[in-house]
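Structural characterization, general
Each chain, written out:
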Amino acid sequence: MISKKDRLFNLSTKHTTYLFAITETGHLEHLYYGRHLSNPTLSIDALAEKRSLNIGTGTAYDNDHPTLFLTNLCLEYSTMGKGDYRESMVDVEYAKGMQTLDFIVKSFRILPGKPRTFSGLPESYGDKETCTTLEITLKEACLALRLVLTYTVFEDSDVITRRATFHNDSTAMVRIRNLASAQLDIDQDDWTLTTFDGAWARERTMTEHVLQPGILINDSKCGVSSADHNPCIFLTNKEGECIGMNLIYSANHREVVETTTFGKVRLLTGINPSGFSWDLSPQDRFQSPEAVLTFSASGMNGASLHFHHFINNHIIRGAWKLRERPILINNWEATYFNFNEDKLLELAQESAKLGIELFVLDDGWFGVRNDDTTSLGDWTVNPKKLPSGLGGLSLEVHRLGMLFGLWVEPEMVSLESQLYKKHPDWMIAIPGRRPSVGRNQYLLDLTRHEVREYLFKSLSETWHLADVNYIKWDMNRVFSDLYSINSELHHHGEFLHRYVMGLYELLSKLTQAFPNVLFESCASGGNRFDLGMLCYMPQTWTSDNTDALDRLYIQEGTSCGYPLSAMGCHVSASPNHQTLRKTDLEARFNVASFGVLGYELDITKLNRQQKEAIRSQIAFYKAHRALLQYGQFSRIKLANSASNQVIWAVTSEDKSELLVLFAQKLNPANPGSDKLRIQSVDLDAVYEVFPRQQKIDIKMFGDLLNRISPVAITEGGIAQDTISKAVSLDSEVEHYRVSGEQVAFSGIKLNQQFGGTGYDAMTRVLGDFGSRIYLFKKIN
Ligand code: DGJ
């Protein structure tokens, strides 16, 4: 709901209210973002900044307003040169580098729904039942320049999106140095900032920052949204309130959190101005990406739920929106580049028998690519590896009743490729300078139309031939040596934005041409996990690191901003290929099941016990897939804390069913009791609670087996191996009938864990990195 009464704009969702007012000078003063107010118009005065006195050394707006100091006002937008000395939202150079700007409200309009943007940027969508849009036009006090602020209120998700559009109505070129998407000025109420930081194989780990006077910057400068610092950020305070902010953009972003000595906090998000500039011709306009804001009175869990709802309903689009995603097998860690048709079919056949639904052929199927030094750009099949072609392989996979998926990395070129020989100038490099390299490969200049056309044509032909149902779109290096011969570029500061706009155009064409294909975005794992990519591709490969312990941190961090339906999570081999850590097969599944499940190991080499375990994992996942992909997710005990335990829960909308993950980092000696206390239950309900039955590998007991075995069993010996292949133990028997109140107010004390003093049918044997999934089913 959006309304305007007198000077006040009221943007309200079901649980939140956002207020700002037009000041007597025609600026927009931000007044409030928080819990829903039922009568917001009662007193603007109570919320507005008081300014009857001068501030020493302050710059007053003008002679008529000697006590108006923009630098100590909460504003909806900001510029330079008029006395606001914080980081500004808009920075534009005109007339020989002048930067002073002052925008004054001229008009506004409120529109049902959300009009589509002109810019080609990915954006959220909604109809007039779910959202309303406010457009405020501001005019520069002395120049023919306009700024349009757009707000869309998504009532059903408790989300407000914002963007800015800059119009050059003058007769001269202006240079945009910065146009942030949103600015939020709030009071400093002891906020803590949470960012999601990392690198390859350890993406989106939560970091907390205490706000102190000064500027904190969360940004990316490598050309993609990055594993280093995700664009999603949160502010939380001791009252349990939380503000979340994200950006629908996949290239360089910047979030500024500036805390002033006047006790105010300014948040900005948008394209990173570092290395960016945009020359705007007369009568032209430039639009920022869309920023996404939410507020919750239930902390970060509450804010995450808003984001999850928003992404599932207003970002993800097409045939796979809100649809259960297939369980896949990916051959990458099973074979790497070393495969042939027989090997792939053997893998597919075994997978089909276990209930896997989608076979994905990863890197190495094209050109002469037997390692990572060649062939990127040549999207034609290698007949030596696949004599029946992609069509033949896909046909066999389809015959098995599975979907067929294919890996591609279209944004890249290898020096050793037909494409490079034919079009060396399509590669991003500066003439006369040796280009830097990543994974032996180089980027293609997607700012250029002819490059995009080539990719569209060659990819479409291949995908038609292969009759694909799924595409994994990879991107394994970031940018360097920025340069283009594209004459559309006025300035190389435009390059990265033009690149990502080219990528978006290509993705838009391909997703329209293949409307039923499920796309998964990937960038060496999660180096481009963002809302921009999710507008085209409903899921993203979360991380190359599939270690059961590390994934607790990675998935937990990712879940703060993104829904489980968007997170690709695979069970891989042990020892893990990234960490060499040995973890139990069941523990790997328990963690991977909180997301879109897949397997990425050579399952043909597993023993009967292991295959049986996988068969029942898959049956369990299918039975609870809707919950595991679309349920309401909450983080109860964080991996990213001093706690040895990690607890997550997914709850169905009507709270009739819950799945709770209990995981531990290390096996404690002589442990105390473990407890499941979960708030997201129906307090009036009665639940049956029991753990998913899983298998315990007898190898876990090592030499202790000799205490009960009539024959001597040597640790790591043939006897132990043979028994382990033939026999496994069932996990503990445990069952409760409890009220919702007991679960929420007291918690369930679980069976004793193994503590070195004995073992019986009730003993919970988890081991290091071990876990259980508990099923809660409402029975009344
Ligand atoms: C990086 C991806 O993250 C992996 O899953 C795999 O597809 C490789 N690239 C293939 O080169």
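Only a predicted model underlies this, so the values are computations on that prediction, with no experimental measurement involved.

This part is about the overall build of the chain. When you go through the chain residue by residue, the secondary structure sums to 15 helices and 41 strands. The C-alpha atoms of the chain give a radius of gyration of 28 Å, which matches the 28 Å a tight globule of 780 residues would have. In terms of its C-alpha atoms, the chain occupies a principal-axis envelope of roughly 100 × 70 × 45 Å. A separation threshold of at least 6 residues defines the contact pool for the chain, and within that pool the share at least 24 residues apart is 70%.

With 16 residues, helix H12 (residues 608-623) should reach 22 Å at 1.5 Å per residue; the first-to-last C-alpha distance of 23 Å fits that figure. Residues of H12 that are buried include every one of Gln609, Lys611, Ala613, Ile614, Gln617, Ile618, Phe620 and Tyr621, and no others. Where H12 begins, the side chain of Asn607 points an oxygen toward the backbone nitrogen of Gln609, at a separation of 3.0 Å.

Let us look at helix H11 (residues 585-592). Judged by how many residues are buried, H11 sits mostly within the fold: eight of eight residues are covered. Within H11 the residues assigned to the buried category are Leu585, Glu586, Ala587, Arg588, Phe589, Asn590, Val591 and Ala592.

Before going further, it helps to spend a moment on the site of the ligand. Neighbouring the ligand are 13 residues; Asp362, Asp363, Lys472, Asp474 and Asp544 lie closest to it. Here Arg439 contributes a side-chain N or O atom positioned 2.8 Å from an oxygen atom of the ligand. The protein chains hide 98% of the 290 Å² of surface that the ligand would expose on its own. Across the shell around the ligand, the residue classes tally to four nonpolar, three polar and six charged.

Quick look at the environment of Phe20 now. By the secondary structure assignment, Phe20 is in strand E3 (residues 16-22). Judged by its relative accessible area of 0%, Phe20 is buried. Those residues within four positions of Phe20 in sequence are excluded, and the remaining contacts are Arg7, Leu8, Phe9, Leu11, Leu28, Glu29, His30, Leu31, Glu76, Leu134, Ile136 and Tyr151.

Scanning the model with the defined rule gives 34 aromatic pairs in all. Ring geometry for Tyr33 against Phe295: centres 6.0 Å apart, planes inclined by 55°, an arrangement best described as tilted. In this pair, Tyr33 sits in strand E4 (residues 28-35) while Phe295 sits in strand E21 (residues 291-296), placing the two residues 262 residues apart along the sequence. Residue classification places Tyr33 among the buried positions, given a relative accessible area of 8%. Take Phe295: its relative accessible area is 2%, and that puts it in the buried class. Centroid distance Phe366 to Trp407: 5.9 Å. Interplanar angle 15°. Geometry classified as stacked. With Phe366 in the loop between strand E23 (358-361) and helix H5 (389-399) and Trp407 in strand E24 (residues 403-408), this pair connects stretches of sequence that are 41 residues apart. For Trp407, a relative accessible area of 0% corresponds to the buried category. By the ring-pair criterion, three or more aromatic residues cluster together here, those being Phe9, Tyr18, Phe20, Tyr33, Phe108, Tyr151 and Phe295.

Time to look at the side chain of Ser88. Residue position: Ser88 is located in the loop between helix H1 (44-47) and strand E5 (90-93). Polar side-chain contacts of Ser88 include one of 3.4 Å to the backbone oxygen of Val90. Residues contacting Ser88, with those up to four places away along its chain left out, are Ser78, Thr79, Met80, Asn178, Arg266 and Leu268.

Once that is clear, we can look at the pairing of strand E33 (residues 645-651). Most of E33 is tucked away, with seven of its seven residues classed as buried. Here E33 shows a buried face lined by Gln645, Ile647, Ala649 and Thr651 and a second buried face lined by Val646, Trp648 and Val650. Bridging between strand E32 (residues 632-637) and E33 involves five bridges; their strand directions are antiparallel. Across the sheet, residue Lys637 finds its bridge partner in E33, namely Ile647. Strand direction decides the pairing type here: E33 and strand E34 (residues 657-664), joined by seven bridges, are antiparallel. Bridging across to E34, Gln645 finds its partner in Gln664.

Glancing now at the sheet that holds strand E39 (residues 736-739). Spatially, six strands are ordered E32-E33-E34-E41-E36-E39 in an open sheet, and the strand pairing comes out antiparallel. Since the sheet does not close on itself, it has two edges, and those belong to E32 and E39, each with one partner. Direction aside, neighbouring strands of the sheet carry axes that sit 25° apart on average. Pairing between strand E36 (residues 686-691) and strand E41 (residues 771-778): five bridges, direction antiparallel. Its bridge partner lying in E41, Glu688 is registered against Lys777. The strands touched by helix H10 (residues 548-561) are E32, E33 and E34; relative to E33, the strand with the most contacts, the crossing angle is about 45°. Against the sheet, H11 engages E33, E34 and E41, with an angle of about 50° to E41.

Turning next to the pattern of salt bridges. Overall, the coordinates contain 50 salt bridges when judged by the stated rule. Its salt-bridge partner being Lys264, residue Glu49 comes within 3.0 Å of it at the nearest N-O pair. Here Lys264 lies in strand E18 (residues 264-271) and Glu49 lies in the loop between H1 and E5, a separation of 215 residues in the sequence. A relative accessible area of 24% means that Glu49 is categorised as partly exposed.

Next up on the list: the sheet that holds strand E2 (residues 8-12). Read across the sheet, four strands follow the order E1-E2-E3-E4 without closing on themselves; strand pairing throughout is antiparallel. With partners counted over all chains shown, the strands left at the sheet margins are strand E1 (2-5) and E4, one partner each. Taken over all neighbouring pairs, the strand axes of this sheet differ in orientation by 15° on average, direction set aside. Here E1 pairs with E2 via four bridges, running antiparallel.

Moving on to the packing of helix H4 (residues 341-354) against H5. At a minimum axis separation of 10 Å, H4 and H5 run at an interaxial angle of 20°. In terms of orientation, H4 lies roughly parallel with respect to H5. Seen from above, H4 lies across H5 with right-handed handedness. Across from Glu341, Leu344, Leu345 and Ala348 in H4, the residues of H5 making contact are Gly389, Leu393, Glu396 and Val397. Tallied by class, residues from the contact of H4 with H5 come to five nonpolar, one polar and two charged.

Within the fold, Leu549 resides in helix H10. In this structure, the C-alpha to C-alpha distance between Leu549 and Phe769, residues 220 residues apart in sequence, is 5.9 Å. If near-sequence neighbours (up to four positions away) are discounted, Leu549 is found in contact with Arg581, Lys665 and Phe769.

Bridge count between E5 and strand E10 (residues 174-179): four bridges; the pairing is antiparallel. Opposite Asp91, over in E10, you have Asn178 as the bridge partner. Of the strand pairs in this sheet, E10 and strand E19 (residues 278-280) are connected by three bridges, and their pairing is antiparallel. Among the inter-strand pairings, Val174 is bridged to a residue of E19, identified as Leu280.

Cut-off values and rules
- Residues numbered from 1 in each chain as written.
- Predicted model: local features only at pLDDT ≥ 70, side-chain atom pairs only at ≥ 80, totals over all residues.
- Heavy atoms only, no water.
- Helix = DSSP H or I, 4+ residues; strand = E, 2+ residues; numbered from the N terminus.
- Rg over C-alpha atoms; globule rule 2.2 N^0.38 Å.
- Contact = heavy atoms within 4.5 Å.
- Expected span 1.5 Å × (residues − 1).
- Buried < 20%, exposed > 50% of the residue type's maximum accessible area, 1.4 Å probe, protein only.
- Polar contact = N/O pair within 3.5 Å; in protein donor to acceptor, adjacent residues only side chain to side chain.
- Near = heavy atom within 4 Å.
- Areas by Shrake-Rupley, 256 points an atom, 1.4 Å probe, with all protein chains shown as cover.
- Nonpolar A, V, L, I, M, F, W, Y, C, P; charged D, E, K, R; others polar.
- Phe/Tyr/Trp six-rings, centres within 6.5 Å; stacked < 30°, edge-to-face > 60°.
- Pairing = 2+ DSSP bridges.
- Axes fitted to C-alpha atoms, helices over the stretch in contact; angles between N-to-C directions.
- Salt bridge = Lys/Arg side-chain N within 4 Å of Asp/Glu carboxyl O.
- Parallel < 35°, antiparallel > 145°, perpendicular 65-115°, else oblique.
- Left-handed = near helix turned anticlockwise from the far one by under 90°.

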